[in-house]
Amino acid sequence: MADKGKKGAEIGSFITKYFLLIADAILILVFGILRPGFLQPINLLDIISTASLVGTMGMGAGIVMMVGEMNFGVAAEATLTASILGWSLGKGYMPAYVAALLAALVLIGLMGVLDSFFAVILGVPAFIATLAISKINDGFVRLLTENKTMYYSSWPELFTFIGQGKIAGIPVITIVFVLIIAALWFLMEKTRLGSYIEAVGNNQSCCSHVGINVRKVKIIAFVICSVVCGFSGIMASSKTANVMNTLGSSLMMDAMAAAMMGATFLRPGRFNIPGTVVAALLTSIISNGIIFMGAPDFLKDMISGVILIIAVGYIAMTRKEGLPSVKMG
Amino acid sequence: MMADAAPLLSIKEITKKFTGITAVDHVSFDIGNNEIHALIGENGAGKSTLCKMLTGEYNIDEGHIEINGEEMHFKEPADSMKVGISMVYQERNLVGYMTAAQNVFLGSEPMKGIVVDQKEIQKKAEKLQEYLGVNIPLDVPVEKLGAGEQQLVEIMRANSTTPQILILDEPTASLGEGEIGPFLNFVKKMTKDLDLSVIYITHKLEEIFAIADKVTVMADGKKTLTANISEITQEECVKAMIRGDKIKTFDIPKKDYKELEKKKVIEVNELTYGGKEHDVQFYVCKGEAVGFYGLVGSGRTETMEIISGIRPADKKEFMFDGETVTGGDSFKMIQKGIILTPELRRDGIFPSLNLVENVCTLFVKKFATAIGMIKKKEGVDFTLEVLKKNGTKYTSRNQLISELSGGNMQKIIIGRSIEVENLKLITMDEPTAGMDLGAKSEIYLKIRNLTDNLEKGVIFISSELEELLKVCDRMYVFYEGNIVKELKREEFDKEVILGYALGGAVNG
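Rules of the game
Residues numbered from 1 in each chain as written. Chains lettered and ligands numbered in written order. Predicted model: local features only at pLDDT ≥ 70, side-chain atom pairs only at ≥ 80, totals over all residues. Heavy atoms only, no water. Helix = DSSP H or I, 4+ residues; strand = E, 2+ residues; numbered from the N terminus. Buried < 20%, exposed > 50% of the residue type's maximum accessible area, 1.4 Å probe, protein only. Contact = heavy atoms within 4.5 Å. Buried area = accessible area lost by both parts, 1.4 Å probe. Salt bridge = Lys/Arg side-chain N within 4 Å of Asp/Glu carboxyl O. Polar contact = N/O pair within 3.5 Å; in protein donor to acceptor, adjacent residues only side chain to side chain. Phe/Tyr/Trp six-rings, centres within 6.5 Å; stacked < 30°, edge-to-face > 60°. Lys NZ or Arg CZ within 6 Å of the ring centre and 35° of its normal. Pairing = 2+ DSSP bridges. Axes fitted to C-alpha atoms, helices over the stretch in contact; angles between N-to-C directions. Parallel < 35°, antiparallel > 145°, perpendicular 65-115°, else oblique. Nonpolar A, V, L, I, M, F, W, Y, C, P; charged D, E, K, R; others polar. pLDDT = per-residue confidence, 0-100. Domains from an automatic or database assignment.

Right, let's get into the overall build of chain A. Along its length, chain A carries 13 helices and two strands. With respect to the three principal axes, the spread of C-alpha positions in chain A is 75 × 55 × 35 Å. Every one of the 329 residues in chain A was classed for burial, and the buried ones make up 51%. Taking contacts inside chain A between residues at least 6 apart in sequence as the whole, the part at least 24 apart equals 75%.

Here you go:
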């Protein structure tokens, strides 16, 4: 009897841990059976390409969530980064693509410093501070794009390399995505900074008692978040070969959702990199599959929403403390 | 000659002022080698502030400290750690998902290049465990450990820097009754084995007499006494703790239980909650204070929250004031005359509302017109009366309740609760938690006034057996969700009660 109960609990916790991955597999199978074309390598690679945008932004946003804060400005930061890059190259202010790219990322990293100045140093609740700053950024985006979709024929070919290029048949965007995953996974799992980022989100007062500089860790988290999310903007603009005002906002909700859903994966209740990736894949599989089925587009939002609410609802039920920064106070 | 005689730690006239108040006022005493030095006093007496000055968490405003005769100035805890002072704080400071080993070395992880060396962490933790003579699982998340084991993890961390002086701030506050004894033995043994000196902060006198060599008593920021434990009695300690005559005394009239039983307010047999049937046979009569004693989690709070309609139950049925009650939320129960003041004070207040709003929310109907408009004037008058009746200290009725001290908040919570029309039974769940002796005695007086003069039934839930023994007419002991023993006042016996609370009927 006791054995049975224990086994049941083990299976239960296994399902929770791998719910997202199981959902990924089942959906691929279902779509594959219904529409065999879905399983073509080219379509699967397309799914990963789409997931790489949501996933990259989700990992960035997730790092701020890990320290127990929230950055609602990730969409504006992504669009702004792409706009800065496109504008500086288009107007010819920057001679080389790589220089322009680095400059844009440095600027957006400073935006992370600004976010954390208000959220961490002054103590404005982070989601309010970042929301306010994102409005300013929206304004700058409109200024740079002259309030229309940005496109310059003077852009170098490299502009679309990340988004559209291929190396040995594999889309560059996928390779870049894997590299970002690997780097952030290494940071979070292996380094001291990574373990402090998670520890700060879990128990701030404990960290200050053992001599960890909580503010510094949070500021670094905001900067990493802005740079990673900014880079996701560059990936997106490179993929479409233009900069739309809605570039970031079209990704943000899915990205935030991926980070939160990801916290049900592997280590329930804790934001983590692999979880975010698996969750981003899930969103991508759903939207791709729905399109493939020829089903109406709104179904995609409904299904994603249902999966998200089930996932976070489950965490709320099983873990008293919930997700660190879902309690946005 | 001076250098040889210099004590390990010498505190010289140190003072700490916060805006307006002097938290620590020219306190001096010495800590010798390998001694357990207890530091006692009521809440707010300045014990923790004093120790935070010793670790460098607070700056010392006046005076200084000497270690082995050498004057020390700490800017931050890292400085004091270097000369061998380590502190275990009252609140648990652990990262829940990390293992014990990871927690011990949090902030000082051994590295292999840029990678944290998890193997080395485990190895070092094992060594430390051996050194301290403790045995706890090192490789499971600390959130899965019990309170006692978590405490040990923190003590391991404090010892990881091999300190000379270890400060323990109310280490037994989070421990259950059964864990305290072994913990005290551990502290004693560790002190001897490692040749440590320990500053042991507490407000529990029994613990001091069980382990300390010396004791220093603080009251209102001042030192009132330092003595060898063998040369002092408990009474002298208490006297030194309270300074002046803040404690109010009261008499408990003898009860005629036969007569009383005719006036039962409530009678309960069993409740089903959490999928289990719980045997909670009890009754409360008019004009009677009944104590509920048991360990944390023994079902005292759960039982009364169900009765009061706050917590959902699978099945409940009880007699109240002559009628059978089977359901009803807290709103209905308050109308019937049952109210509960919550264990956590923050569950009983609206922190960002003012005093009037906090008092009147319970009486929305009384202070509203037929169409629901609030009658402000009446509410204010009523509030002022409640505040006055209960001796609440406040500066303005418009101030936020969260600006008051815990004791004054409690006075408002209890004060407004007993104003409920046709109140018959009030449950106070840990009403004196975190209060000093003076404030506690006012609560006791309030309870006796409710029973002896106003003929109300009172259920007094507490984890401090002493206060229940002092105040109650009868007592029920809870164990694992059930009531295992009923005692009348003349049968009160500490040993018996503890026996039941710790293990059902072992000593019965």
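There's more to say after this.
Turning to the interface of chain B and chain A, a few remarks are in order. With 20 residues of chain B in contact, the opposing surface of chain A contributes 18 residues. Sorting the residues of chain B by area buried against chain A places N93(B), Y97(B) and L106(B) first, and these three jointly supply 33% of that buried surface. Where chain B touches chain A, the interface holds one salt bridge. With its nearest N and O atoms 3.4 Å apart, the salt bridge here joins R192(A) to E109(B). Our enumeration of links across chain B and chain A arrives at eight residue pairs in polar contact (both at pLDDT 80 or more).

This brings us to the packing of aromatic side chains. A complete count under the given rule lists 18 aromatic pairs over all chains for this structure. With a centroid separation of 4.9 Å and 50 degrees between ring planes, the pair formed by W87(A) and Y93(A) is classed as tilted. Ring geometry for W155(A) against F159(A): centres 3.9 Å apart, planes inclined by 15 degrees, an arrangement best described as stacked. For the pair W155(A) and F159(A), a shared accessibility class is recorded, and that class is buried. Taken together, the ring pairs connect Y151(A), Y152(A), W155(A) and F159(A) into an aromatic cluster. Sitting above the plane of the Y97(B) ring, R270(A) keeps its charged end 3.7 Å from the centroid.

Now for the pattern of salt bridges. All names here are of chain B. Counting across every chain of the model gives 31 salt bridges over all chains. The shortest N-O distance in the salt bridge between K47 and E170 comes to 3.4 Å. In this pair, K47 is assigned in helix 2 (residues 47-55) and E170 in the loop between strand 9 (165-169) and helix 7 (177-193), connecting sequence segments 123 residues apart. Residue K47 shares its accessibility class with E170, and that shared class is buried.

With that out of the way, let us pick up the pairing of strand 13 (residues 264-273) of chain B. All names here are of chain B. Where strand 13 lies against strand 14 (residues 276-285), eight bridges are found, and the strand directions are antiparallel. What sits directly across from K264, in strand 14, is C285. Across five bridges, the pairing between strand 13 and strand 16 (residues 315-320) is antiparallel. Considered in strand 16, the bridge of L271 is made with K316.

Sheet strands associate in pairs through backbone hydrogen bonding, adopting either a parallel or an antiparallel arrangement. Residue and element names in this part refer to chain B. Taking strand neighbours across the sheet as the criterion, the six strands line up as 18-19-20-15-21-22 in an open arrangement whose pairing is mixed. Looking at strand neighbours, the two that pair on one side only are strand 18 (338-341) and strand 22 (482-488), the edges of this open sheet. Sheet twist, expressed as the average angle between the axes of neighbouring strands with direction ignored, equals 20 degrees. Strand direction decides the pairing type here: strand 18 and strand 19 (residues 425-429), joined by four bridges, are parallel. Among the inter-strand pairings, I338 is bridged to a residue of strand 19, identified as L425. Here helix 15 (residues 406-417) sits on the sheet in contact with strand 18 and strand 19, set at roughly 180 degrees to strand 18.

On to the packing of helix 7 (residues 172-190) of chain A against helix 12 (residues 273-293) of chain A. Residues and elements named next belong to chain A. Two elements in contact, helix 7 and helix 12, have axes separated by 9 Å at closest approach and are oriented at 150 degrees. Here helix 7 is positioned roughly antiparallel relative to helix 12, judged by the angle of their axes. Of helix 12, the residues touching helix 7 (which contributes F177, I181, L184, W185 and M188) are I273, P274 and V277. Of the residues that constitute the contact of helix 7 with helix 12, the class distribution is eight nonpolar, no polar and no charged.

This part takes up the confidence of the model for chain B. Caution applies to low-pLDDT parts of the model: their predicted coordinates are not meant to be read in detail. Here chain B shows a mean pLDDT of 87. Residues at 70 or above account for 96%. Taken together, the chains of this predicted complex give a pTM of 0.77 and an interface ipTM of 0.83.

On to the environment of G248(A), then. Residue and element names in this part refer to chain A. Examined against the element boundaries, G248 turns out to sit in the loop between helix 10 (214-240) and helix 11 (249-262). The class for G248 is buried, based on a relative accessible area of 0%. Sequence separation between G248 and C229 is 19 residues; the distance between their C-alpha atoms is 8.9 Å. Residues in contact with G248, not counting those within four places in the same chain, are M57, A75, A78 and T79.

The subject of this paragraph is the domain arrangement of chain B. Residues and elements named next belong to chain B. Partitioning chain B into structural domains gives domain 1 (2-242) and domain 2 (257-337 + 420-503). On a C-alpha basis, the centres of domain 1 and domain 2 stand 37 Å from each other. Of the residues lining the interface, five residues belong to domain 1; the matching set on domain 2 comes to 10 residues. Roughly 570 Å² of surface becomes buried between domain 1 and domain 2 when both sides are summed, with 57% attributable to carbon and sulfur atoms. At the boundary of domain 1 with domain 2, the tally comes to zero salt bridges. At the surface where domain 1 touches domain 2, the tally comes to zero residue pairs in polar contact (both at pLDDT 80 or more). Residue composition of the side of domain 1 that touches domain 2, grouped by class: one nonpolar, two polar and two charged.

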